[in-house]
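Chains, contacts and geometry: an overview
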Amino acid sequence: MAMRGGFGGRGGGRGGMPGRGGSSGPPPDPDVHHLAKSITCHAWSGDRTRVALCPNNNTIEIWHWNGTAWNKEHSLDEHDQRVTGIDWAPQTNRLVTCSEDRNAYVWVLHEGVWKPTLVILRINRAATHCKWSPNEDKFAVASGAKVVSVCYFEEDNDWWVSKHIKKHKSTVLSVDWHPNNLLLLTGAADFKARIFSAAVKGVDKRPREDIMGFSVQRLQFGELLMEMDAQAWVHSAQFSPSGQQVAFVTHDASLSVCDITHPENQPFRVKHSGLPFQTLLWVSEHSVVAAGHEYAPFLFQAQQDGTWACVKKLDDKPKAAAPAAGAKVNAFDMFRNKVNVGEDGPRKGTTQATKHQNCVTYMGIMNGQPGAIATFTTSGVDGRIVFWHTQKLSQQHSIQF
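My aim in this report is to walk through the structure given alongside it, one point at a time.

Here is what the cut-offs are and how they apply
Residues numbered from 1 in each chain as written. Predicted model: local features only at pLDDT ≥ 70, side-chain atom pairs only at ≥ 80, totals over all residues. Heavy atoms only, no water. Patch = residues over 30% accessible without salt bridge, like charges linked within 9 Å, V, L, I, M, F, W, Y side chains within 5 Å. Areas by Shrake-Rupley, 256 points an atom, 1.4 Å probe, with all protein chains shown as cover. Salt bridge = Lys/Arg side-chain N within 4 Å of Asp/Glu carboxyl O. Helix = DSSP H or I, 4+ residues; strand = E, 2+ residues; numbered from the N terminus. Buried < 20%, exposed > 50% of the residue type's maximum accessible area, 1.4 Å probe, protein only. Contact = heavy atoms within 4.5 Å. Pairing = 2+ DSSP bridges. Axes fitted to C-alpha atoms, helices over the stretch in contact; angles between N-to-C directions. Core = buried A, V, L, I, M, F, W, Y, C linked by side-chain atoms within 4.5 Å. Phe/Tyr/Trp six-rings, centres within 6.5 Å; stacked < 30°, edge-to-face > 60°. Lys NZ or Arg CZ within 6 Å of the ring centre and 35° of its normal. Arc of directions from axis to C-beta.

The next thing to look at is a nonpolar patch on the surface. On the surface, Leu118, Ile120 and Trp159 cluster together to form a nonpolar patch covering roughly 260 Å² of accessible area. When you line up the elements, Ile120 lands in the loop between β10 (113-119) and β11 (127-132).

Set out below in C-alpha coordinates:
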(Lines give C-alpha, C1' and ligand atoms only; values in the text may rest on other atoms or scores of the structure.)
Protein backbone atom coordinates (compact mmCIF):
# COMPACT_ATOMS: atom_id res chain seq x y z
CA MET A 1 0.00 0.00 0.00
CA ALA A 2 1.53 3.29 -1.07
CA MET A 3 0.53 6.89 -0.48
CA ARG A 4 2.19 9.62 -2.48
CA GLY A 5 3.14 13.15 -1.48
CA GLY A 6 6.03 15.35 -0.47
CA PHE A 7 7.99 14.37 2.62
CA GLY A 8 5.89 15.65 5.43
CA GLY A 9 3.06 15.64 3.28
CA ARG A 10 -0.35 14.91 2.16
CA GLY A 11 -2.98 17.59 2.30
CA GLY A 12 -5.11 15.45 4.57
CA GLY A 13 -6.69 13.01 2.09
CA ARG A 14 -6.07 9.28 1.80
CA GLY A 15 -4.97 7.34 -1.25
CA GLY A 16 -4.13 10.42 -3.33
CA MET A 17 -7.28 12.37 -2.55
CA PRO A 18 -6.78 16.07 -1.73
CA GLY A 19 -7.23 16.91 1.91
CA ARG A 20 -9.82 19.68 1.59
CA GLY A 21 -11.99 21.20 -1.03
CA GLY A 22 -11.32 18.76 -3.93
CA SER A 23 -9.32 19.85 -6.96
CA SER A 24 -10.37 23.48 -6.53
CA GLY A 25 -9.17 23.68 -2.92
CA PRO A 26 -5.80 24.84 -1.60
CA PRO A 27 -2.69 22.82 -2.56
CA PRO A 28 -1.63 19.99 -0.22
CA ASP A 29 0.52 21.00 2.73
CA PRO A 30 3.94 19.26 2.36
CA ASP A 31 4.23 18.93 6.14
CA VAL A 32 0.98 17.02 6.65
CA HIS A 33 0.62 13.23 6.32
CA HIS A 34 -2.71 11.45 6.53
CA LEU A 35 -1.94 7.78 7.25
CA ALA A 36 -5.03 6.59 9.13
CA LYS A 37 -8.53 7.56 10.20
CA SER A 38 -7.23 8.19 13.71
CA ILE A 39 -3.83 7.80 15.40
CA THR A 40 -3.42 6.97 19.07
CA CYS A 41 0.39 7.20 19.26
CA HIS A 42 3.48 6.96 17.06
CA ALA A 43 7.25 6.43 17.29
CA TRP A 44 10.16 6.86 14.85
CA SER A 45 12.86 4.33 14.02
CA GLY A 46 16.49 5.14 14.77
CA ASP A 47 17.24 6.16 11.17
CA ARG A 48 13.95 8.15 10.98
CA THR A 49 12.86 6.45 7.74
CA ARG A 50 10.04 4.47 9.36
CA VAL A 51 7.26 5.32 11.73
CA ALA A 52 5.25 2.92 13.88
CA LEU A 53 1.73 4.05 14.69
CA CYS A 54 -1.50 2.76 16.18
CA PRO A 55 -4.60 3.56 14.06
CA ASN A 56 -6.76 3.67 17.21
CA ASN A 57 -7.25 -0.11 17.37
CA ASN A 58 -5.36 -3.23 18.45
CA THR A 59 -2.77 -3.12 15.63
CA ILE A 60 0.56 -1.40 15.07
CA GLU A 61 1.34 -0.27 11.53
CA ILE A 62 4.89 0.35 10.34
CA TRP A 63 5.20 2.78 7.43
CA HIS A 64 8.31 3.41 5.34
CA TRP A 65 9.14 6.54 3.37
CA ASN A 66 10.85 5.64 0.06
CA GLY A 67 11.52 9.19 -1.07
CA THR A 68 8.30 9.78 -2.99
CA ALA A 69 5.57 7.89 -1.14
CA TRP A 70 4.66 6.14 2.09
CA ASN A 71 4.47 2.32 2.01
CA LYS A 72 2.91 0.23 4.78
CA GLU A 73 5.45 -2.53 5.43
CA HIS A 74 4.05 -4.36 8.43
CA SER A 75 0.88 -4.69 10.48
CA LEU A 76 1.42 -6.15 13.95
CA ASP A 77 -1.71 -7.53 15.56
CA GLU A 78 -0.63 -9.45 18.67
CA HIS A 79 -2.63 -7.22 21.03
CA ASP A 80 -6.31 -7.91 21.72
CA GLN A 81 -7.40 -4.37 22.54
CA ARG A 82 -6.42 -0.80 21.65
CA VAL A 83 -2.70 -0.04 21.71
CA THR A 84 -1.95 2.86 24.06
CA GLY A 85 1.84 3.20 23.83
CA ILE A 86 4.68 2.64 21.34
CA ASP A 87 8.38 3.33 21.77
CA TRP A 88 11.16 2.45 19.32
CA ALA A 89 14.68 1.93 20.73
CA PRO A 90 17.04 3.61 18.21
CA GLN A 91 20.20 1.61 18.98
CA THR A 92 18.82 -1.92 19.43
CA ASN A 93 15.96 -1.42 16.93
CA ARG A 94 13.45 -2.98 19.31
CA LEU A 95 9.82 -1.92 19.64
CA VAL A 96 7.91 -1.97 22.89
CA THR A 97 4.13 -1.69 22.80
CA CYS A 98 1.45 -1.72 25.48
CA SER A 99 -2.30 -1.97 25.32
CA GLU A 100 -5.61 -1.87 27.12
CA ASP A 101 -5.42 -5.68 27.12
CA ARG A 102 -2.99 -5.34 30.10
CA ASN A 103 -0.08 -6.72 28.10
CA ALA A 104 3.17 -5.41 26.68
CA TYR A 105 5.32 -6.89 23.92
CA VAL A 106 8.92 -6.40 22.86
CA TRP A 107 9.23 -6.74 19.09
CA VAL A 108 12.47 -7.73 17.33
CA LEU A 109 12.93 -7.69 13.55
CA HIS A 110 14.24 -11.09 12.40
CA GLU A 111 14.65 -11.93 8.70
CA GLY A 112 12.12 -9.28 7.73
CA VAL A 113 9.48 -10.36 10.26
CA TRP A 114 8.69 -8.65 13.56
CA LYS A 115 8.70 -11.28 16.33
CA PRO A 116 6.87 -10.45 19.60
CA THR A 117 7.91 -11.48 23.09
CA LEU A 118 5.31 -11.22 25.84
CA VAL A 119 6.33 -9.20 28.91
CA ILE A 120 5.13 -10.25 32.36
CA LEU A 121 3.60 -6.98 33.61
CA ARG A 122 1.57 -8.42 36.50
CA ILE A 123 -1.17 -5.77 36.25
CA ASN A 124 -4.97 -6.14 36.35
CA ARG A 125 -5.88 -2.91 34.58
CA ALA A 126 -5.09 -1.38 31.19
CA ALA A 127 -1.56 -0.28 30.34
CA THR A 128 -1.51 3.40 29.38
CA HIS A 129 2.03 4.39 28.31
CA CYS A 130 5.48 2.88 27.78
CA LYS A 131 9.02 4.21 27.45
CA TRP A 132 12.49 2.73 26.87
CA SER A 133 15.26 3.85 29.22
CA PRO A 134 18.16 5.83 27.65
CA ASN A 135 20.44 2.75 27.78
CA GLU A 136 17.66 0.63 26.23
CA ASP A 137 18.21 -2.12 28.83
CA LYS A 138 14.83 -1.66 30.52
CA PHE A 139 11.53 0.10 29.98
CA ALA A 140 8.62 1.39 32.04
CA VAL A 141 4.92 0.72 31.53
CA ALA A 142 2.28 2.89 33.20
CA SER A 143 -1.12 1.42 34.02
CA GLY A 144 -4.55 1.87 35.48
CA ALA A 145 -3.55 -0.47 38.31
CA LYS A 146 -1.91 2.50 40.09
CA VAL A 147 1.55 1.01 39.49
CA VAL A 148 4.41 1.34 37.03
CA SER A 149 6.02 -1.87 35.79
CA VAL A 150 9.76 -1.46 35.27
CA CYS A 151 10.73 -4.29 32.93
CA TYR A 152 14.14 -5.80 32.24
CA PHE A 153 15.47 -8.91 30.53
CA GLU A 154 16.33 -11.84 32.76
CA GLU A 155 19.10 -13.81 31.09
CA ASP A 156 18.68 -16.97 33.18
CA ASN A 157 15.06 -17.51 32.17
CA ASP A 158 15.31 -15.79 28.75
CA TRP A 159 12.29 -13.52 29.23
CA TRP A 160 11.24 -10.02 30.23
CA VAL A 161 10.18 -9.62 33.84
CA SER A 162 9.01 -6.61 35.84
CA LYS A 163 9.21 -4.93 39.21
CA HIS A 164 6.48 -2.60 40.45
CA ILE A 165 6.72 1.02 41.53
CA LYS A 166 3.69 1.81 43.67
CA LYS A 167 2.63 4.81 45.84
CA HIS A 168 0.21 6.16 43.21
CA LYS A 169 -3.41 6.72 44.20
CA SER A 170 -4.92 6.58 40.71
CA THR A 171 -4.15 5.69 37.09
CA VAL A 172 -0.61 6.48 35.94
CA LEU A 173 -0.88 8.22 32.57
CA SER A 174 2.72 9.04 31.67
CA VAL A 175 6.29 7.88 32.32
CA ASP A 176 9.67 9.31 31.35
CA TRP A 177 13.30 8.42 32.11
CA HIS A 178 16.03 10.68 33.40
CA PRO A 179 19.13 10.81 31.13
CA ASN A 180 21.09 8.95 33.84
CA ASN A 181 18.92 5.81 33.37
CA LEU A 182 18.21 5.66 37.12
CA LEU A 183 15.32 8.05 37.84
CA LEU A 184 11.75 7.72 36.60
CA LEU A 185 9.17 10.52 36.29
CA THR A 186 5.48 9.65 36.46
CA GLY A 187 2.31 11.64 35.91
CA ALA A 188 -0.95 10.34 37.33
CA ALA A 189 -4.66 11.06 37.60
CA ASP A 190 -4.27 11.66 41.34
CA PHE A 191 -3.10 15.25 40.63
CA LYS A 192 0.57 14.42 41.22
CA ALA A 193 3.83 14.18 39.31
CA ARG A 194 6.48 12.08 41.05
CA ILE A 195 10.13 11.11 40.69
CA PHE A 196 11.17 7.61 41.76
CA SER A 197 14.40 5.69 41.91
CA ALA A 198 14.20 2.97 39.25
CA ALA A 199 17.67 1.44 39.56
CA VAL A 200 17.44 -2.32 39.04
CA LYS A 201 19.99 -4.58 40.71
CA GLY A 202 21.97 -6.52 38.13
CA VAL A 203 21.07 -4.04 35.39
CA ASP A 204 22.27 -0.68 36.72
CA LYS A 205 25.51 0.15 38.48
CA ARG A 206 25.06 1.66 41.92
CA PRO A 207 26.05 5.34 41.87
CA ARG A 208 28.85 6.43 44.19
CA GLU A 209 27.76 10.05 44.52
CA ASP A 210 24.49 11.86 45.15
CA ILE A 211 22.36 12.48 42.06
CA MET A 212 20.44 15.72 41.58
CA GLY A 213 20.41 16.31 45.32
CA PHE A 214 19.13 12.80 46.06
CA SER A 215 21.41 10.83 48.39
CA VAL A 216 22.83 7.48 47.30
CA GLN A 217 21.20 5.83 50.32
CA ARG A 218 17.75 6.78 48.99
CA LEU A 219 18.32 5.36 45.51
CA GLN A 220 16.71 2.02 46.29
CA PHE A 221 14.27 0.71 43.71
CA GLY A 222 10.82 2.24 44.07
CA GLU A 223 11.90 4.94 46.52
CA LEU A 224 9.82 8.13 46.17
CA LEU A 225 12.30 10.99 45.80
CA MET A 226 10.06 13.94 44.92
CA GLU A 227 6.33 14.65 44.69
CA MET A 228 4.87 17.68 42.92
CA ASP A 229 1.30 19.00 43.10
CA ALA A 230 -0.42 19.28 39.73
CA GLN A 231 -3.98 20.42 40.62
CA ALA A 232 -5.46 18.16 37.88
CA TRP A 233 -4.85 14.93 35.98
CA VAL A 234 -1.31 14.81 34.59
CA HIS A 235 -1.60 13.80 30.95
CA SER A 236 2.10 13.94 30.08
CA ALA A 237 5.37 14.56 31.95
CA GLN A 238 8.98 14.79 30.76
CA PHE A 239 12.48 15.48 31.99
CA SER A 240 14.37 18.28 30.30
CA PRO A 241 17.36 17.32 28.08
CA SER A 242 19.79 17.98 30.96
CA GLY A 243 17.58 16.21 33.49
CA GLN A 244 17.64 19.24 35.79
CA GLN A 245 14.01 20.21 35.15
CA VAL A 246 10.68 18.49 34.63
CA ALA A 247 7.57 19.71 32.82
CA PHE A 248 4.05 18.32 32.87
CA VAL A 249 0.69 19.25 31.35
CA THR A 250 -2.59 18.79 33.18
CA HIS A 251 -6.30 18.61 32.48
CA ASP A 252 -6.89 22.15 33.78
CA ALA A 253 -5.18 23.53 30.65
CA SER A 254 -1.90 24.38 32.35
CA LEU A 255 1.78 23.57 32.00
CA SER A 256 4.06 23.32 35.03
CA VAL A 257 7.86 23.39 35.13
CA CYS A 258 9.99 22.50 38.15
CA ASP A 259 13.72 22.73 38.83
CA ILE A 260 14.55 19.43 40.54
CA THR A 261 18.13 20.24 41.51
CA HIS A 262 16.70 20.94 44.96
CA PRO A 263 13.98 18.51 46.14
CA GLU A 264 12.15 21.25 48.05
CA ASN A 265 11.50 23.31 44.89
CA GLN A 266 7.90 23.80 43.79
CA PRO A 267 6.71 23.79 40.16
CA PHE A 268 5.94 27.05 38.37
CA ARG A 269 2.47 26.82 36.81
CA VAL A 270 1.42 28.56 33.59
CA LYS A 271 -2.36 28.62 33.11
CA HIS A 272 -3.48 28.49 29.50
CA SER A 273 -6.67 30.31 28.50
CA GLY A 274 -7.76 27.61 26.06
CA LEU A 275 -8.47 23.88 26.21
CA PRO A 276 -6.29 21.24 27.94
CA PHE A 277 -3.03 19.88 26.56
CA GLN A 278 -2.49 16.15 26.07
CA THR A 279 1.22 15.94 25.26
CA LEU A 280 4.46 17.92 25.47
CA LEU A 281 8.05 17.92 24.23
CA TRP A 282 11.22 19.70 25.38
CA VAL A 283 12.62 21.32 22.22
CA SER A 284 15.55 22.80 24.13
CA GLU A 285 16.52 23.30 27.76
CA HIS A 286 14.49 26.51 27.89
CA SER A 287 11.64 25.74 25.46
CA VAL A 288 8.69 23.36 25.76
CA VAL A 289 6.06 22.69 23.11
CA ALA A 290 2.63 21.46 24.26
CA ALA A 291 -0.40 20.41 22.22
CA GLY A 292 -3.83 18.91 22.75
CA HIS A 293 -7.45 19.93 22.37
CA GLU A 294 -6.58 23.26 20.70
CA TYR A 295 -5.44 21.24 17.61
CA ALA A 296 -2.14 23.14 17.50
CA PRO A 297 1.22 23.23 19.35
CA PHE A 298 2.01 26.11 21.71
CA LEU A 299 5.50 27.27 22.65
CA PHE A 300 6.35 27.90 26.32
CA GLN A 301 9.69 29.47 27.22
CA ALA A 302 11.69 30.44 30.30
CA GLN A 303 11.80 34.18 30.98
CA GLN A 304 14.72 36.24 32.27
CA ASP A 305 13.19 36.47 35.74
CA GLY A 306 13.05 32.67 36.04
CA THR A 307 9.34 32.34 35.30
CA TRP A 308 7.75 30.61 32.32
CA ALA A 309 5.21 31.93 29.81
CA CYS A 310 3.27 30.86 26.74
CA VAL A 311 4.87 32.91 23.98
CA LYS A 312 3.39 31.65 20.71
CA LYS A 313 0.82 29.45 19.01
CA LEU A 314 2.92 27.71 16.35
CA ASP A 315 0.04 27.09 13.94
CA ASP A 316 -1.48 30.55 13.98
CA LYS A 317 -2.98 31.28 10.59
CA PRO A 318 -4.67 34.59 9.67
CA LYS A 319 -8.44 34.58 9.96
CA ALA A 320 -10.56 34.77 6.84
CA ALA A 321 -11.87 38.20 5.95
CA ALA A 322 -15.39 39.02 7.12
CA PRO A 323 -18.10 39.23 4.41
CA ALA A 324 -18.62 42.65 2.95
CA ALA A 325 -21.36 44.83 4.44
CA GLY A 326 -24.67 44.33 2.71
CA ALA A 327 -23.74 40.91 1.30
CA LYS A 328 -26.84 38.97 0.33
CA VAL A 329 -27.74 35.74 2.10
CA ASN A 330 -30.11 33.26 0.51
CA ALA A 331 -33.39 33.45 2.47
CA PHE A 332 -34.18 29.78 1.97
CA ASP A 333 -30.74 28.75 3.31
CA MET A 334 -31.27 30.90 6.39
CA PHE A 335 -34.67 29.32 7.07
CA ARG A 336 -33.37 25.78 6.50
CA ASN A 337 -30.38 26.26 8.83
CA LYS A 338 -32.54 27.80 11.52
CA VAL A 339 -34.95 24.85 11.43
CA ASN A 340 -32.34 22.08 11.12
CA VAL A 341 -29.41 23.25 13.19
CA GLY A 342 -30.65 26.31 15.06
CA GLU A 343 -28.47 28.79 13.15
CA ASP A 344 -29.67 32.12 11.83
CA GLY A 345 -26.97 32.53 9.19
CA PRO A 346 -25.45 30.26 6.57
CA ARG A 347 -24.03 27.05 8.05
CA LYS A 348 -20.31 27.25 8.67
CA GLY A 349 -17.91 24.53 7.54
CA THR A 350 -16.23 22.19 10.00
CA THR A 351 -12.73 22.57 8.57
CA GLN A 352 -10.33 24.18 11.03
CA ALA A 353 -7.64 26.68 10.07
CA THR A 354 -4.99 24.50 11.74
CA LYS A 355 -2.97 21.65 10.22
CA HIS A 356 -4.60 19.22 12.66
CA GLN A 357 -8.37 18.89 12.50
CA ASN A 358 -8.82 17.27 15.90
CA CYS A 359 -7.09 16.70 19.23
CA VAL A 360 -3.30 16.19 19.19
CA THR A 361 -2.43 13.15 21.30
CA TYR A 362 1.28 12.42 20.75
CA MET A 363 4.56 14.16 19.94
CA GLY A 364 7.92 12.75 18.92
CA ILE A 365 11.39 13.71 17.70
CA MET A 366 11.85 13.18 13.96
CA ASN A 367 15.20 14.92 13.38
CA GLY A 368 17.80 15.88 15.97
CA GLN A 369 18.47 14.96 19.57
CA PRO A 370 16.97 16.05 22.89
CA GLY A 371 18.10 19.62 23.42
CA ALA A 372 18.82 20.18 19.71
CA ILE A 373 15.65 19.21 17.86
CA ALA A 374 15.45 20.17 14.19
CA THR A 375 12.08 18.54 13.43
CA PHE A 376 9.35 17.15 15.66
CA THR A 377 6.07 15.49 14.74
CA THR A 378 2.57 15.48 16.16
CA SER A 379 -0.22 12.96 15.63
CA GLY A 380 -3.83 13.01 16.65
CA VAL A 381 -7.42 11.89 16.46
CA ASP A 382 -7.68 13.21 12.89
CA GLY A 383 -5.25 10.51 11.67
CA ARG A 384 -2.60 13.02 10.65
CA ILE A 385 1.10 13.18 11.35
CA VAL A 386 2.36 16.75 11.00
CA PHE A 387 6.01 17.80 10.69
CA TRP A 388 7.20 20.92 12.50
CA HIS A 389 10.63 22.27 11.55
CA THR A 390 12.15 24.49 14.22
CA GLN A 391 14.18 26.61 11.80
CA LYS A 392 11.14 27.25 9.64
CA LEU A 393 9.03 28.08 12.70
CA SER A 394 11.72 30.48 13.94
CA GLN A 395 11.60 32.39 10.65
CA GLN A 396 7.79 32.44 10.44
CA HIS A 397 7.18 33.62 14.01
CA SER A 398 10.43 35.51 14.80
CA ILE A 399 11.22 33.25 17.76
CA GLN A 400 14.19 31.29 19.04
CA PHE A 401 13.95 27.79 20.46
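Still to come is the rest of the account.
Tallied over the entire structure, the rule returns eleven salt bridges. Asp204 is the partner of Lys138 in a salt bridge, and the nearest nitrogen-oxygen pair spans 2.5 Å. Here the residue Lys138 occupies a position in strand β12 (residues 138-143), and Asp204 occupies one in the loop between β17 (192-197) and β18 (224-229), the gap between them amounting to 66 residues. Assessed through its relative accessible area of 15%, Asp204 is described here as buried. Here Asp229 ties to Lys192 by a salt bridge, and the two come within 2.2 Å at their closest N and O atoms. Taken together, the residues Asp229 in strand β18 and Lys192 in strand β17 connect sequence positions 37 residues apart. Residue classification places Asp229 among the partly exposed residues on the basis of a relative accessible area of 43%. A single network of salt bridges, built from pairs that share partners, joins Asp190, Lys192, Arg194, Glu227 and Asp229.

Turning to its location among the elements, Lys313 is positioned in strand β26 (residues 308-313). Given a relative accessible area of 25%, Lys313 falls into the partly exposed group. Sequence-wise, Lys313 and Ala291 are 22 residues apart; in three dimensions their C-alpha atoms are separated by 9.7 Å. Those residues in contact with Lys313 that lie beyond four places of it in its chain are Ala296, Pro297, Phe298, Thr354 and His397.

The subject of this paragraph is the pairing of β10. Inspection of the sheet shows strand β9 (residues 104-110) paired to β10 by seven bridges, in the antiparallel sense. Paired with Val108 across the bridge in β10 is Lys115. Where β9 hands over to β10, the hairpin turn is made up of two residues, of which Glu111 adopts a positive phi near 55 degrees.

Let's shift gears to the sheet that holds strand β25 (residues 298-302). Within the open sheet, the four strands sit side by side as β23-β24-β25-β26. Their pairing is antiparallel. In this open sheet, the two strands that pair with only one neighbour each are β23 (277-284) and β26. Averaged over all pairs of adjacent strands, the angle between strand axes in this sheet comes to 30 degrees, irrespective of strand direction. The sheet contact formed by β23 and strand β24 (residues 287-292) spans six bridges and is antiparallel. In the sheet register, Ser284 faces β24, and the bridge partner there is Ser287.

Our focus in this paragraph is the nonpolar core. Core analysis: the biggest nonpolar cluster contains 21 residues, and Leu183, Ile195, Met228 and Val246 have the highest contact counts within it. Elements represented by at least two residues in this core include exactly β16 (183-188), β17, β18, β19 (234-239) and β20 (245-250). In this structure Met228 touches Leu185, Phe191, Lys192, Ala193, Arg194, Ile195, Val246, Phe248, Cys258 and Pro267, once residues within four positions along its chain are discounted. The next biggest cluster of nonpolar side chains, apart from the first, holds 17 residues, and it includes Cys98, Ala104, Ala145 and Cys151.

In this structure the tally under the stated criterion is 13 aromatic pairs. Ring centres of Trp44 and Phe387 lie 5.7 Å apart, and the angle between their planes is 70 degrees; this geometry places the pair in the edge-to-face category. Of this pair, Trp44 sits in strand β3 (residues 41-44) while Phe387 is found in strand β29 (residues 384-389), placing the two residues 343 residues apart along the sequence. The class for Trp44 is buried, based on a relative accessible area of 6%. The side chain of Lys163 reaches across the aromatic face of Phe221, ending 4.6 Å from its centre.

Moving on, we come to helix α2 (residues 390-397). Within α2 the residues assigned to the buried category are Thr390, Leu393, Ser394 and His397. Viewed along the axis of α2, the buried residues span an arc of 105 degrees, placing them on a single side of the element. Turned more than 90 degrees away from the buried face of α2 sit Gln391 and Gln395, all of them exposed. A positive phi of about 55 degrees marks Ser398, the residue just after α2.

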